[in-house]
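Residue-level structural notes
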Amino acid sequence: MAVKNAGIRDVAQLAGVSVTTVSHVLNETPHTRVSEDTRERVRHAAKTLGYGPNRMAQALRTNRSGLIGLLSEEIATTPHAGRIILGAQNAAREHDLTLVIINTEREADGTSHREDVQALIDRQVDAVLYATMYHRTVSLPPNLQGIPAVLIDSTDRAGIVPAVVPDEVGGAVAAVAHLVEAGHTRIGFLNNDDDVPATHLRLAGYRRVLEENGIPFDERLVLSAPSETLPGYGLAREMLGRSDRPTALFCYNDRMAMGAYRAAAELGLDIPRDLSVVGFDNQELIAANLFPGLTTVALPHYEMGAWAVETLVRLLHDDADPRRLSDEPTLLDCPLVVRDSVAAPRTD
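Residues numbered from 1 in each chain as written. Predicted model: local features only at pLDDT ≥ 70, side-chain atom pairs only at ≥ 80, totals over all residues. Heavy atoms only, no water.

Thoughts on helix 2 (residues 19–26)
Those residues of helix 2 that fall on the buried side of the exposure criterion are Thr 21, Val 22, Val 25 and Leu 26. Along helix 2, the residues classed as buried sweep out an arc of 120° about the axis, all on the same side. Looking one or two residues beyond helix 2, the residue adopting positive phi is Glu 28, at roughly 50°. (Buried < 20%, exposed > 50% of the residue type's maximum accessible area, 1.4 Å probe, protein only. Helix = DSSP H or I, 4+ residues; strand = E, 2+ residues; numbered from the N terminus. Arc of directions from axis to C-beta.)

Observations regarding the side chain of Thr 296
Along the chain, the position of Thr 296 falls in strand 10 (residues 296–297). Only 2.7 Å separates the side chain of Thr 296 from the side chain of Asp 254, close enough to count as a polar contact. Within polar-contact distance, the side chain of Thr 296 engages the backbone nitrogen of Asn 282 at 3.5 Å. If we ignore the near neighbours within four places in the chain, the residues touching Thr 296 are Asp 254, Val 278, Gly 279, Phe 280, Asp 281, Asn 282, Ala 287, Pro 335, Leu 336, Val 337 and Arg 339. (Polar contact = N/O pair within 3.5 Å; in protein donor to acceptor, adjacent residues only side chain to side chain. Contact = heavy atoms within 4.5 Å.)

Focus on the pattern of salt bridges
It is possible for side chains bearing opposite charge to pair when their charged atoms get close. Under the defined criterion, the tally for this structure stands at 14 salt bridges. Across the pair Glu 36 and Arg 43 runs a salt bridge, and its minimum N-O distance is 3.2 Å. Relative accessible area serves as the criterion here: at 51%, Glu 36 is assigned to the exposed category. The salt bridge partner of Glu 238 is Arg 242, with a shortest N-O separation of 4.0 Å. Residues joined in a network through salt bridges with shared partners are Arg 186, Asp 218, Arg 220 and Asp 244. (Salt bridge = Lys/Arg side-chain N within 4 Å of Asp/Glu carboxyl O.)

Thoughts on the sheet that holds strand 7 (residues 222–225)
Read from one edge to the other, the open sheet built from four strands follows the order 7-6-8-9, with strand pairing classed as parallel. Because the sheet does not close on itself, it has two edges, and the strands there are strand 7 and strand 9 (276–278). Across the sheet, the mean angle from the axis of one strand to that of its neighbour is 20°, orientation sign disregarded. Here strand 8 (residues 248–251) runs beside strand 9; their pairing, made up of three bridges, is parallel. Looking at the pairing, Leu 249 lines up with Val 277 of strand 9. Where helix 7 (residues 168–181) meets the sheet, its contacts fall on strand 6 (187–192), strand 8 and strand 9, and the angle it forms with strand 8 comes to roughly 170°. Against the sheet, helix 10 (residues 254–266) touches strand 6, strand 7, strand 8 and strand 9, its axis set at about 150° to strand 8. (Pairing = 2+ DSSP bridges. Axes fitted to C-alpha atoms, helices over the stretch in contact; angles between N-to-C directions.)

Read these as geometric descriptors, not functional statements.
Next up, the structure:
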């Protein structure tokens, strides 16, 4: 039960440790030799008494605010941003850190991004998470280079900031391999036409599975358009209207897959009896609510947010080398989410 006006000495007495040990544990002082069992006793005592370190005093003593800035694109309009924020927020809470979030536009110019970063710096954040929507390569605002930072869902064109991105190739491999394992050998790919990493990497995964299974690559089975529902519908109508139509479609994202569902229905094709479909993104408002439910690949947005915060904490405590982390982006798995849109191809 919380004790009114409990102090650090009360926590030390309840935990059976010194005041110095309590200070080290609650302030996460680096390079201190305190066992995990002792740390747990201190945290439990502090929680029981309702005691927390004085933030202002802590900031003056450590020259840190306990704030992490999160610059994220399109928070209000992109469901992925919410998962990144949730993952980052939960990880930050584990380290007694607080997120300060600023929304920015995807197409905002460098001047606008510099101003957003400066707004975070002016609030004395200890570090910055820079999250983009839709995996791509970006040029960072110059004023971000003087503060610990991690990129989420993008890579730094200059190669100096650690980054975490989805394993796009691995996700595509999982999707197409699932179709091949079901017996499909004629698999169409409805791809995005933007020149971004995901476009090329998902195509690479598609081609890898075909090659590994001795299935010839047919460029006529790969069509590209903007990655939205109506373009996906148009590509699917074109591909499924052929006499030698594919028996399965791998779609760049769930929105294009939704368009493919409409095209199949108009052509009298039953999913999955006549046509199997796999998407990418696992946008649950789409994938789980299509009929039948769409088998798709999940992007690890929550996991990327959590990884980024954990990495920032390591950087702040000098437990990680930013140069080594910047050599290559960290890849996180994109697992397959199996629903009901895949079956063996018809033989009649």
